[in-house]
Amino acid sequence: MARISRQRPSRPKVAATVAVAIVAILLPFAMNAFQLTTAVFVVIAAIGALGLGVLTGYAGQISLGHAFFLAIGAYTAAVLGGNDHLSAAIWLPAAGLVAALCGALVGPAALRLRGLYLAIVTIGLVFIGQHVWFNVAAISGGPGGRSFPAVAFGSFDFSVGNQLTIGGLVIDHNGLYYYLALIILALAMLYVWNLSRSRPGRAMQAVREREIAASVMGVNLARTKVSAFAISSFLAGISGALYASFLSFVTPDQWSLLLSVQYVAAIIVGGIGTVWGPVLGSIVIFALPPVLQSLVPQTASGGVPIDDITSIVYGLLIIVFFVFEPGGVVGLARRLQRVWEGARARQEPMHKHDGEEPSQRQEQSMEERVPTWAK
Amino acid sequence: MGKVKLRAVAAGCAAGVMAVSVAACGTGAVGAGTGGSTSGGIKTGAGVDAKTKTISLGVLTPLSGPVAVIGKPLTAGQQTYFNSVNAAGGIDGWKVNLVQRDTKYDPQTEVQDFSQISSQVAFIGQSLGSPTTKAIQPAADQQKMVVGAAAQDSAFVTDPVMAVIGTPYAIDDANALDYIVRQTGHRNAKIGIIYQNDAYGQDGLRGYLAGLKSYHFNNVAEATYQAGDTDLTAQVQKMKSAGARYVFVVAVPSTAATIVGTGASEGYNPTWVFQGPAWSEYLMTSNGMTTGKPTPVAKALASNVWVLGYEAQWGNMRVPGMQQFLANTKKYAPTQIPDYYYMYGYAQAQMETALLRKAIESKDLTRQGILNAKLHLGQVNLGGLVPALDYTPSLGPASRTTEIGKVTVGAPTFLRSVSPFLEGTAARGLQFTTSG
Amino acid sequence: MSQFLQLLFQGFSLGCIYALVALGFTVIYRASKVINFAQGSLLLVGAYLVSVLATGLNLPFALAVVVAIALLAAGGVLFQTLVLRRVLGQPVFTLVMITIGLSIVIDSAVPAIFGPNARILGDPWGASAVHLGGVTLNWVRIWAIVCTVVILLGFFAFDRFSRYGLAMRATAVDEEAAMAVGVPVARVYAIAWAIAGGVAAVGGLFLAGFPSAPNPTLGDVALRAFPAIILGGLDSPLGAVVGGIAIGIVEVLTSGYAPGWLGTNFSDVAPYIVMILVLLIRPYGLFGARPVERV
């Protein structure tokens, strides 16, 4: 404990976190309905992406089965909340727990399979899951899909049209989901942040770096991998339950491999092995396409396939982004931070000893300009 | 460590609370009400601009992705009709403007699109697809917003806000069975079905089973496939070995062609009965018109395929609205090829124009006013392009008639009517419950 | 019996297409340890290229196929040299994301250019078939099998006997060591992408053959080849072929014979269940190399 407490976050980091929190809390008041709906989907997805971040980012286990765990959570919510009319205070945690249990059962497979073999076996999970959803109508409504319960605590529920009024402040359906998801996301981030600095979290990172070395050093591989799967699936379950509840109607074909790929994309875009990465990546992957689309006027689309073109632009952005910033959004942020710090370091002596050492300054800025892939 | 963490959180909370109270004094309130106002004796609501006398309608439809094949022509058909209405001075002086969003046939995108445009439109002039429309149904119900659902899912015909034209699949299937009885004279023909394993396929299956029950047919084989399956030999063989003489096909065009092609190359040629969306002109030729190069499956399709629909034959001048329809198409969509989704969109716009006319007559263009107009619209003739609709507060399907077209090489849209609009006894008796 | 043989034939010819897809995956994986998520999109481009060349430009069909293979192979090389080369040595994740980006671009560009409707492939076989005692053999499927066999033999000869084949295998075993002994690694990557593009053109062409047609969703089939590549072993071209054919047969036979209690469309998951069973016994697939572990 004593050793850990030395790694206190620096003051600017705390300040930045507080600033982000304030912005996140105020955001709904500056947004229109479309932006807020998109924000709800992003925050809900970020919870699931954070989970995948634990599994893939920290423990190094590549999973394309996230859609399966999202679905487990969603259908747990549907059965408990929709069929049995229980409170969200029960079905929301239950969604996480049931998914975590399934994750713990899948975890041992990771002891036998490595890397992309594990990735593709987890794809199998998605297909087997979908086969069950298509066939067990009592849970999923069958191929035609089913409706999902709105979040409800006691007599108050979050369904469309309901709103919460706190001293002249109105929070509508979208806002309620936003704040609920935001609170869960904040707690989850705090948990993952703590985890990453705790003993089990470092065990995960050791497994990611060199599995055999970790096990030689006394890391319990089985326990570490199973718990990574369980934590990841827990967050996926919560995220899936909230997603289905907010969307209100879901068909089994929505829990597809494509959904898993989006989550993997989110953590990669954000930056692997960080707390903020999955959240930032979720913003890019789940908000950029609708926002791009909303920027395009569609009233007179005529013969131009404008929507295909926005998708092309989105794909090109991904390619260009990764060519120039392989570290993801977090990598970009770090680089900007370096540039900023570098600029400050350069500015300070400039004020003190004006006009000194121009050659050194130049060298430094040259170095900053070299992209990481070329180093 | 714990302390830092707590302090950070506490600071965040304090700042948040402070900021929220600031926002409360200002403009920030989450969500927007849709206040009504009155203009020239007409009460107006969201999406109705009294100054410019413009009514905006939302269009939520796939304009990209695989279902754009349907979404694009359907929207073009609506646009053509509204263009003609606007050019003729509008509806009692009110012009209609379409606000389109691409849903990609994805429920989440549909919800986002809906939230983006719902405050700018009087109602949703088109929402294409069953799972997509179901995702916005709670919000539409709550806002009392009429939705022109372009989906023949039976679940929509019992929701007051859903304005559906045409005939549900279930009734189409029942009518086709009725026709088989009358054509063959006996009721022991062997019948099978191949359906896509989704909401659309389920609805077709439901209608098929209901129809079989009332006509006491032998259901000799049922087979299903998953969207994306490339080889349907097993499904076709199941029909073949069961000896099915009529096979209902509830599929998308590419799969429907695969089914018929597979059957033909194995020497199995029953009468294939296509559910409307299984058909596309592009299955026949390279450009969807008679001038194009025939596809490899064209011959098999032309041998024995019926297509269930409720729309008039393109170019059939005995249909009263056809001349105007063709003239408008020539004027506003000169490059449009004969396409039944286009015609559907055109007819849907006719329905919506009638709806707005009624609401304007009642001097109420608020959401509630438009919903009232829809519930009491009564019978509306759509120029014979689509069967006349009948909206009443007791709800139910807009029409119960079906037209059966046989795939024919020479016909303008490759379809020749083999039965006039027909309404069988089973179709007449089919009940729609509100359970959804 | 004839029903069984018919399904076996269908499964085998479908399996050949899967084998071509899987070979594309494997070649790239072997060179750069990346799963190319754009492989299905390359297939889509292949089908459209053949269609455009044969029906749009009216080239003779055989020539259209050769040109399409050449163009797609060149496209692969171009993508490797213009884009992937810049991220050489970056984490595998980065490369995977770039291939996902490429697949998004292609899957949207094809309908943007050619519209959402199906096209005509322009092949000489159409619906023609030979009938052998109750079993129908469509010519397009017979040719799919023949071409796959020829391509695979060609590939294995290249892999085994040519200098670059040796270089590819050396790079697969140890990239740094290969570089150290003077293997032009960048060129090896380029060749891998050329092969992936070329086989995708052939796979796409037969995928779009009768009774199907070139349409924008054609590329989705690549997902179905995933169990094939794992079944055989990610880094084994031979495994890709065996896995692909096995998966094709399993899929079609289960769609014919799966009992009802397994649920509808069991054939869609059967390949994955076979894959998982194989992996439980052999964690690196049937032919995959177990990497040497060092601490």
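Residues numbered from 1 in each chain as written. Chains lettered and ligands numbered in written order. Predicted model: local features only at pLDDT ≥ 70, side-chain atom pairs only at ≥ 80, totals over all residues.

### Quick word on the overall build of chain C
Basically, it comes down to this: In this text, helices come from DSSP runs of H or I with a minimum length of four residues, and strands from runs of E with a minimum of two, each type numbered from the N-terminal end. Radius of gyration: over C-alpha atoms. The globule rule applied is 2.2 Å multiplied by the number of residues raised to the 0.38 power. Comment: burial labels come from other C-beta atoms within 10 Å of the residue's own C-beta, placed from the backbone, where a count of 20 or more is buried, 12 or fewer is exposed, and between is partly exposed. Residues are scored as being in contact if the C-beta atoms we place from backbone atoms lie within 7 Å.
Broken down by element type, chain C carries eleven helices and two strands. Listing each helix as α and each strand as β along chain C from the N terminus yields α-α-α-α-β-β-α-α-α-α-α-α-α. In summary, chain C has a C-alpha radius of gyration of 19 Å against a globular reference of 19 Å for 295 residues, a match within 12%. Seen through its C-alpha atoms, chain C measures out along the principal axes to roughly 60 × 50 × 35 Å. The buried share among the 295 residues of chain C stands at 60%. Expressed as a percentage of contacts within chain C between residues at least 6 apart in sequence, the contacts between residues at least 24 apart total 75%.

### Structural notes on the overall build of chain B
Per the secondary structure count, chain B includes 13 helices and 17 strands. Put simply, 70% of the contacts in chain B that link residues at least 6 apart link residues at least 24 apart.

### Focus on the interface of chain C and chain B
Across the boundary between the two partners, chain C contributes 33 residues, which contact 32 residues of chain B. Where the side of chain C that touches chain B is concerned, the elements lending two or more residues are helix H1 (2-32), helix H4 (92-114), strand E2 (135-138) and helix H10 (237-257) of chain C. Broken down by element, the side of chain C that touches chain B gets its largest block of residues, five residues, from H1(C).

### Looking at the sheet that holds strand E8 (residues 190-196) of chain B
Residues and elements named next belong to chain B. To keep it simple, the criterion reads: By definition, two strands form a pair when at least two bridges between them are found by DSSP. Comment: axis = line fitted to C-alpha atoms, over the contacting stretch for helices; angle = value between 0 and 180 degrees taken between N-to-C directions.
Pairing is mixed across the open sheet formed by seven strands, whose spatial order is E9-E8-E10-E11-E12-E16-E17. Only two strands of the sheet have a single partner each, and these edge strands are strand E9 (218-225) and strand E17 (415-422). Across this sheet, the average inter-strand angle for adjacent strands is 20°, counted without regard to direction. In terms of strand pairing, strand E10 (residues 246-250) meets strand E11 (residues 271-274) through four bridges, oriented parallel. In the sheet register, valine 247 faces E11, and the bridge partner there is tryptophan 272. Against the sheet, helix H5 (residues 169-184) touches E10, E11, strand E12 (305-309), strand E16 (402-407) and E17, its axis set at about 65° to E16. Together, E8, E9 and E10 form the strand contacts of helix H6 (residues 199-215), whose direction differs from that of E8 by roughly 165°.

### Overview of the nonpolar core
Selection rule: In plain words, the nonpolar core is the set of buried Ala, Val, Leu, Ile, Met, Phe, Trp, Tyr and Cys residues that C-beta atoms within 7 Å link up.
One finds A:Ala74, A:Ala181, B:Val249, B:Phe274 and C:Ala192 to be the most contacted residues of the largest nonpolar core, which totals 364 residues. Counting residues per element, this core draws most heavily on helix H3 (residues 33-58) of chain A, which supplies 18 residues. For A:Ala181, the residues in contact, after removing those within four places along its chain, are A:Val40, A:Val43, A:Ile44, A:Ile47 and A:Leu242.

### Things to note about the environment of C:Thr55
Tracing the chain through its elements places C:Thr55 in helix H2 (residues 39-56). Taking the number of C-beta atoms within 10 Å as the measure of exposure, C:Thr55 has 19 and is therefore partly exposed. Along the sequence, C:Thr55 and C:Gly244 sit 189 residues apart, while their C-alpha atoms lie 30 Å from each other. For C:Thr55, the contacting residues outside a window of four places in its chain are B:Ser286, B:Lys293, C:Ile120 and C:Gly122.

### As for the packing of helix H3 (residues 107-117) of chain B against helix H4 (residues 130-143) of chain B
Residues and elements named next belong to chain B. So the rule is basically this: Roughly parallel covers angles under 35 degrees, roughly antiparallel covers those over 145, roughly perpendicular covers 65 to 115, and oblique covers all other angles. By convention the crossing between two helices is left-handed if the near helix lies anticlockwise of the far one by an angle smaller than a right angle, and right-handed if it lies clockwise. Ten residues, namely Ala, Val, Leu, Ile, Met, Phe, Trp, Tyr, Cys and Pro, are considered nonpolar, four, namely Asp, Glu, Lys and Arg, are considered charged, and the remaining ones, Gly among them, are considered polar.
Two numbers describe how H3 lies on H4: the axes approach to 8 Å, and their chain directions differ by 40°. Put simply, H3 runs oblique to H4. At the point where H3 passes H4, the crossing takes the right-handed sense. When H3 is examined against H4, the residues Pro107, Glu110, Val111 and Phe114 are found in contact with a partner set consisting of Pro131, Thr132, Ala135, Ile136 and Ala139. Split into classes, the residues belonging to the contact of H3 with H4 amount to seven nonpolar, one polar and one charged.

### Some thoughts on helix H5 (residues 88-106) of chain A
All names here are of chain A. Using the following cut-off: To estimate how far a helix should reach, multiply one less than its number of residues by 1.5 Å.
Helix length check: H5 (19 residues) gives 27 Å between terminal C-alpha atoms against 27 Å at 1.5 Å per residue, within 8%. Residues of H5 that are buried: Ala88, Trp91, Leu92, Ala94, Ala95, Gly96, Val98, Ala99, Ala100, Cys102, Gly103 and Val106. Looking at the buried residues of H5, the elements they touch are helix H4 (66-83), helix H6 (109-112), helix H7 (115-135), strand E2 (152-153) and helix H12 (221-247).

### Concerning the pairing of E2(C)
Residues and elements named next belong to chain C. Residues of E2 alternate between two faces, with Thr136 and Asn138 buried on one and Val135 and Leu137 left unburied on the opposite face. In this structure, strand E1 (residues 129-132) lies alongside E2, joined through four bridges in antiparallel fashion. Pairing of leucine 132 across the sheet is with valine 135, part of E2. Between E1 and E2, which pair antiparallel one after the other, the connecting turn spans two residues, and glycine 133 there sits at a positive phi close to 45°.

### Re H5(B)
Residue and element names in this part refer to chain B. Relative to the 22 Å expected for 16 residues at 1.5 Å per residue, H5 spans 23 Å between its end C-alpha atoms, a close match to the ideal helical length. Restricting attention to buried positions, one finds in H5 the residues Tyr169, Ala170, Ile171, Asp172, Asp173, Ala174, Asn175, Ala176, Leu177, Asp178 and Ile180. With its phi angle positive at about 80°, glycine 185 sits one or two positions after the end of H5.

### What to know about the packing of H5(B) against H6(B)
All names here are of chain B. Close contact between H5 and H6 brings their axes to 7 Å; oriented N to C, the two are set at 35°. The handedness of the crossing between H5 and H6 comes out as right-handed. From H5, Tyr169, Ala170, Ile171, Asp172, Asp173, Ala174, Leu177 and Val181 reach across to H6, where they touch Asp203, Gly204, Arg206, Gly207, Tyr208, Ala210, Gly211, Leu212 and Tyr215.

### A closer look at the environment of B:Ser130
Residue and element names in this part refer to chain B. Considering the arrangement of structural elements, one finds serine 130 in helix H4. Measuring from C-alpha to C-alpha, the distance between serine 130 and isoleucine 404 comes to 24 Å, with 274 residues separating the pair along the chain. Those residues in contact with serine 130 that lie beyond four places of it in its chain are Ala151, Asp153, Ala199 and Tyr200.

### Re the pairing of E16(B)
All names here are of chain B. Extensive coverage of E16 is indicated by the burial of five of its six residues. Two strands pair when backbone bridges link them, and E12 and E16 are joined in this way by four bridges, in the antiparallel orientation. Bridge pairing in E16 links glycine 309 to glutamate 403. Inspection of the sheet shows E16 paired to E17 by five bridges, in the antiparallel sense. Note that in E17 the partner of valine 407 across the bridge is leucine 415.

### A closer look at unusual backbone geometry
Residues and elements named next belong to chain C. Geometrically, the link from phenylalanine 210 to proline 211 is a cis peptide bond, its omega value of 0° lying close to zero. Counting through the fold element by element, proline 211 comes out in the loop between helix H8 (185-207) and helix H9 (226-232). We note that asparagine 265 has phi near 55°; this positive angle belongs to a residue other than glycine. Topologically, asparagine 265 is positioned in the loop between H10 and helix H11 (270-281).

### Section: the confidence of the model for chain C
In low-pLDDT segments, the atomic positions of the prediction should not be examined closely. Our working definition: Note: pLDDT gives the predictor's confidence per residue, expressed from 0 to 100.
Looking at chain C, the pLDDT average stands at 90 and 98% of residues meet or exceed 70. Both scores are available for the predicted complex, with the pTM at 0.88 and the ipTM at 0.90.

### Brief notes about the confidence of the model for chain B
Residue and element names in this part refer to chain B. The predicted model of chain B averages 85 in pLDDT, with 90% of residues at 70 or higher. Least confident of the elements in chain B is helix H1 (residues 2-25), whose mean pLDDT is 38; most confident is strand E6 (residues 123-128), at 96. Taken as a whole, residues 1-35 scores under 50 in pLDDT and shows 50 contacts with residues more than four places along the chain or in a different chain.

### With respect to the environment of A:Leu111
All names here are of chain A. By the secondary structure assignment, leucine 111 is in helix H6. For leucine 111, a count of 14 C-beta atoms within 10 Å corresponds to the partly exposed category. Leucine 111 sits 112 residues away from arginine 223 along the chain, and the two C-alpha atoms are 10.0 Å apart. Non-local contacts of leucine 111, meaning those with residues more than four positions away in its chain, are made with Leu221, Ala222 and Lys225.

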